[in-house]
Structures are given as structure tokens and as C-alpha cells.
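Understanding the architecture of this molecule
In case you want the letters, here they are:
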Amino acid sequence: MTIDIMLPFWGDPALLRQTVESVRAQNDSDWRLTVIDDAYPDPAVAASFARLDDPRIRYLRHDENVGIIENFRESVRLADAEHLVVLGSDDLLLPGYVAAVRAAIARHPDAAVFQPGVRVIDENGAPALPLVDRVKQRLLRPDTRSGDVELTGERLATSLTRGNWLYWPSLVFRTEAIRAHDFRDDLPIVLDLAILLDIAFAGGSLVVIEDQVFAYRRHSASASQKAILDGSRFRDDRRFFLETARRADERGWRTTARAARARLFARLHALTTVPTVLRHGDAEGRRALWAHILR
């Protein structure tokens, strides 16, 4: 039951090295790591992998930059194992990650997605739990203290539509389940939620496990933060939630449709960005923010 760990890379080479070492430090060695370098302009990255003598690791490099969405697609295309992870190039696997998810797969062999427990760290690797993560982990994430929680169908779609409590780079996918769908070029910030809802509408299930075996790095200056300032995050969110509501209506999933139209936690999150957008955003960003909150 080998796990394919796919690692699309563009970013800080020092953080990439930490990520790779966290994979190599697993106490279960049944994994393969594929690093897909999106033409990062530092020859030292390729040189460091050339020196790395580990047959479980392969390093591939694009001739030119193709962007994160295409690199995600490449990650799914290149996977050979029955299960895969699309790991962030600055996140960390804790030593028991592979063992925990392989055990969860053995307990739920037909599940499409697995979400392990996650701890949050900041840019410097220190423990952090900003408001967005407190809401995710304390209000939205299912309670797994009594054991695994499996969600499917309308229950899964409603849970994710109410508020996206998942951590994309920590997820393990059954390869055929994610390969049945495509990443959307028109939703660069919420493409993870979009493909997970595709899986939910297709009948796939998601299993949440208690084991905290992943460290997610929360950056203050991320792509989503930039999209908040120019308003594109809010415009994409509104369009996506309205589309999801119509899709749920067609399926007869009334609770999902109501959650998508209310988009309560998305609006509450937008409220927390008001001071930042008013100080640093442009006019379009401010208009998109108020439309997202009020309409």
C-alpha cells in the first residue's frame, strides 16, 4: 500500500529541503516522493536532488513555468500508487504521517479522501493558531475523539459548503477518485474546495482521523491574502457558492443549497478582513468585499 507523495514546487528552497527531510524521516518507509519543479530559477535546487541518494525520491523539472494549477494536474497524472498526497513545498509531515494514513486506508478501503489531524505553524515554524484555524479546528471540523468520522453525499457537501475546514496539502486521495475530476482554472484560490465538492457530488466519502501527523505552514503573505486585497477572492467565492447552490438544488440536496446561499463562515471570514482591505486594498477590492458580505 505505497503512498505517492507528489510535491509541486515553487518557492523557498530552504523550506523545500525541510519538507523533503520530513518525508524521509517517516517511521513507515512505504512511500514514494516525486518533486515537480516548476522551473524555479535556482540551479541549486536541481543540484541538491542530484546529490540525494534515495531511490524512493525522483526529481522532475519543467522547462518553463506552467503555474500551480497545471503542476497540480501533473501531480495527479504522474501518480502510480492507489493513493496520493499533493504536498505543499513548505509544509511538514510529522514522523507518523504515512503510518497513520495507511492504517486509516486499511480501515476504510473504499473512501475517496482522508483528513488527518493538523497542527499549524507560522513562517518560522513556530506553533500558531490564528482565528481562521481556531474556527476550522474547533467549530467546523468533526469531532474525532470517539474515532474516525466518515462523511459522504449531502452530509459531506453541506459540511464543506458551510465552511471549508480541510487542509489541502495534508489530504490523502484515492488516486482514481481525484483523477475523475479536473482542477478549475477559473477558481485559483478555491480550486481545492471545488474538486472536493466534485468528489462529494460523485458519491465519494471523506474520512477524518484523530492522529495529528501534519504541520501546515500558515503564511501572512499568501496568494489568498493578495486575492483578498484586489477582491478576486470574494468575487470567485460568490460565484462558486451560487453555482454550488444551483447544483445542490438539481440534486435535491436542500441543506447544501441553503448552506451555499448563506455562506455564513465565508462572510464571517470576509468581515475579519475589513480593516486590512480598507487600509491596503484597492477600490475594486473594497467593492467586492462589501458585495460578498452583504448580498
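This write-up is about the structure you can find in this document.

Rules of the game
- Residues numbered from 1 in each chain as written.
- Predicted model: local features only at pLDDT ≥ 70, side-chain atom pairs only at ≥ 80, totals over all residues.
- Heavy atoms only, no water.
- Helix = DSSP H or I, 4+ residues; strand = E, 2+ residues; numbered from the N terminus.
- Rg over C-alpha atoms; globule rule 2.2 N^0.38 Å.
- Buried < 20%, exposed > 50% of the residue type's maximum accessible area, 1.4 Å probe, protein only.
- Contact = heavy atoms within 4.5 Å.
- Areas by Shrake-Rupley, 256 points an atom, 1.4 Å probe, with all protein chains shown as cover.
- Lys, Arg positive; Asp, Glu negative; His and termini not counted.
- Charge placed at Lys NZ, Arg CZ, Asp CG, Glu CD.
- Axes fitted to C-alpha atoms, helices over the stretch in contact; angles between N-to-C directions.
- Left-handed = near helix turned anticlockwise from the far one by under 90°.
- Nonpolar A, V, L, I, M, F, W, Y, C, P; charged D, E, K, R; others polar.
- Salt bridge = Lys/Arg side-chain N within 4 Å of Asp/Glu carboxyl O.
- Pairing = 2+ DSSP bridges.
- Right-handed = clockwise from strand over helix to strand, strands pointing away.

Scanning the protein from terminus to terminus reveals 14 helices and nine strands. Relative to the 2.2 N^0.38 estimate, which gives 19 Å for 295 residues, the radius of gyration of the protein is 19 Å and therefore close to what a compact globule would have. Its C-alpha atoms put the protein at 55 × 45 × 35 Å along the principal axes. Within the protein, the fraction of its 295 residues that count as buried is 53%. Here the analysis covers contacts within the protein between residues at least 6 apart in sequence; of these, 80% occur between residues at least 24 apart. Carbon and sulfur atoms provide 51% of the accessible area of the protein, an area that totals close to 13600 Å². Each charge class in the protein was averaged separately, 41 positive and 42 negative side chains, and the resulting centres sit 7 Å apart.

The next point concerns unusual backbone geometry. In this model, A39 sits at a positive phi of 60 degrees, which is unusual for a non-glycine residue. Counting through the fold element by element, A39 comes out in the loop between β2 (31-37) and α2 (43-50). The phi dihedral of R263 is positive, around 35 degrees, even though this residue is not glycine. Mapping R263 onto the fold places it in the loop between α11 (254-262) and α12 (264-272).

Attention now goes to the packing of α12 against helix α14 (residues 283-294). It is at 9 Å that the axes of α12 and α14 come closest, and there the two elements cross at 140 degrees. The crossing of α12 and α14 is left-handed. In contact with A266, R267, A270 and L271 of α12, α14 contributes L289, H292, I293 and L294. Within the contact of α12 with α14, the residues separate by chemical class into six nonpolar, one polar and one charged.

Here the focus is the side chain of R263. The buried charged residue R263 lacks any salt bridge, with D237 as its nearest oppositely charged partner at 7.0 Å. Apart from residues no more than four positions distant in its own chain, R263 is found in contact with R238, F241, A291, H292 and R295.

Mapping L206 onto the fold places it in strand β9 (residues 205-217). Linking L206 and E70, residues 136 residues apart in sequence, is a C-alpha distance of 25 Å. Residues contacting L206, with those up to four places away along its chain left out, are V113, Q115, V149, E150, L151, L156, W165 and L166.

The next thing to look at is the pairing of β9. Most of β9 is tucked away: 10 of the 13 residues are buried. Where strand β7 (residues 149-152) lies against β9, four bridges are found, and the strand directions are antiparallel. Bridged to E150 within β9 is V207.

Burial analysis of β2 places six of its seven residues in the buried class, which makes it a mostly covered element. Two strands pair when backbone bridges link them, and strand β1 (residues 3-9) and β2 are joined in this way by seven bridges, in the parallel orientation. Bridge pairing links I5 to L33 in β2. Of the pairings in the sheet, the one linking β2 to strand β3 (residues 57-61) comprises five bridges and is parallel in character. The partner of D37 across the bridge, within β3, is R61. Between β2 and its parallel partner β3, the chain crosses via α2, and the hand of that crossover is right-handed.

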